[in-house]
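# Secondary and tertiary structure notes
If you want the building blocks of each chain, they are given just below.
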Amino acid sequence: MMTDEEFFVHKLEHRQIKPTATRLLILRQMCRGDEMVSLPELERLLPTVDKSTISRALSLFLLHGLIHAVDDGSGSLKYNVCADDCDCAEDIDDEHTHFFCERCRRTFCLKQIHVPVVPLPDGFTLNSVNYVLKGLCPECSEKS
């Protein structure tokens, strides 16, 4: 059984990322279940880490397929950690749905719901998909 530290080191090494103390700290904050996190949220959660250091780590994580980013329309990209067997950064067929709560402004990965295939007219080439559903999350729905 892996310790928490071993788990996070493995996540980084699995994607060929050197596990520095700062990267481990950032990754630990990002592993928050299906809820995604933005750069401003990470800056708030990690006040002792320089903004540019967080930004560089996110860029590195994206480049190596450790995380994926979604533009949910909130004004800030949201990020979530991919599973070890995820290749959503490379395989457009593996894209999944995201849900943006209009009340609490959190974004969730709905990994079990794949993005529907949309046939494109001749001559169009698909490079990426951004499929975001908007409404109320279960927590906010209960408050209604």
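For the structure, see preceding data.
Let us look at the structure shown here.

### Re the sheet that holds strand β3 (residues 77-81)
With antiparallel pairing, three strands are arranged side by side in an open sheet as β1-β3-β2. Only two strands of the sheet have a single neighbouring strand rather than two, namely β1 (37-38) and β2 (67-71). The sheet contacts of helix α2 (residues 21-30) involve β1, β2 and β3, and relative to β3 the element is tilted by about 95 degrees. With respect to the sheet, helix α4 (residues 51-63) is in contact with β2 and β3, its orientation differing from that of β2 by roughly 105 degrees.

### Notes on the environment of P19
Note on placement: P19 falls in the loop between α1 (4-14) and α2. Separated by 47 residues in sequence, P19 and L66 have C-alpha atoms that sit 12 Å apart. With residues up to four places along the chain from it excluded, the contact list for P19 reads V9, L12, E13 and L24.

### Overview of the side chain of T107
Mapping T107 onto the fold places it in strand β5 (residues 107-114). Only 2.2 Å separates the side chain of T107 from the side chain of D72, close enough to count as a polar contact.

Cut-offs used in this document
Numbers given for residues are sequential positions, taken from 1 along each chain in its written order. Local features are withheld for residues below a pLDDT of 70 in this predicted model, meaning they are given only at 70 or higher, and side-chain atom pairs are given and counted only at 80 or more; totals for whole chains, interfaces and linings count all residues. Neither water nor hydrogens contribute to the side-chain values; these are computed over all heavy atoms in the structure. Only strands that DSSP links by at least two bridges are regarded as paired with each other. In DSSP terms, a helix is any run of H or I states spanning at least four residues, a strand is any run of E spanning at least two, and both are numbered starting from the N terminus. When checking whether two residues touch, look at their non-hydrogen atoms; a contact exists if any pair is within 4.5 Å. The axes are straight lines fitted to the C-alpha atoms, using for helices just the contacting stretch, and the angles between their N-to-C directions are given from 0 to 180°. Contacts described as polar in this section are N or O atom pairs within 3.5 Å, which, within protein, must combine one atom able to donate a hydrogen with one able to accept it, while residues neighboring in sequence count only if both atoms come from side chains.

Function-wise, these values are silent; they only describe arrangement.
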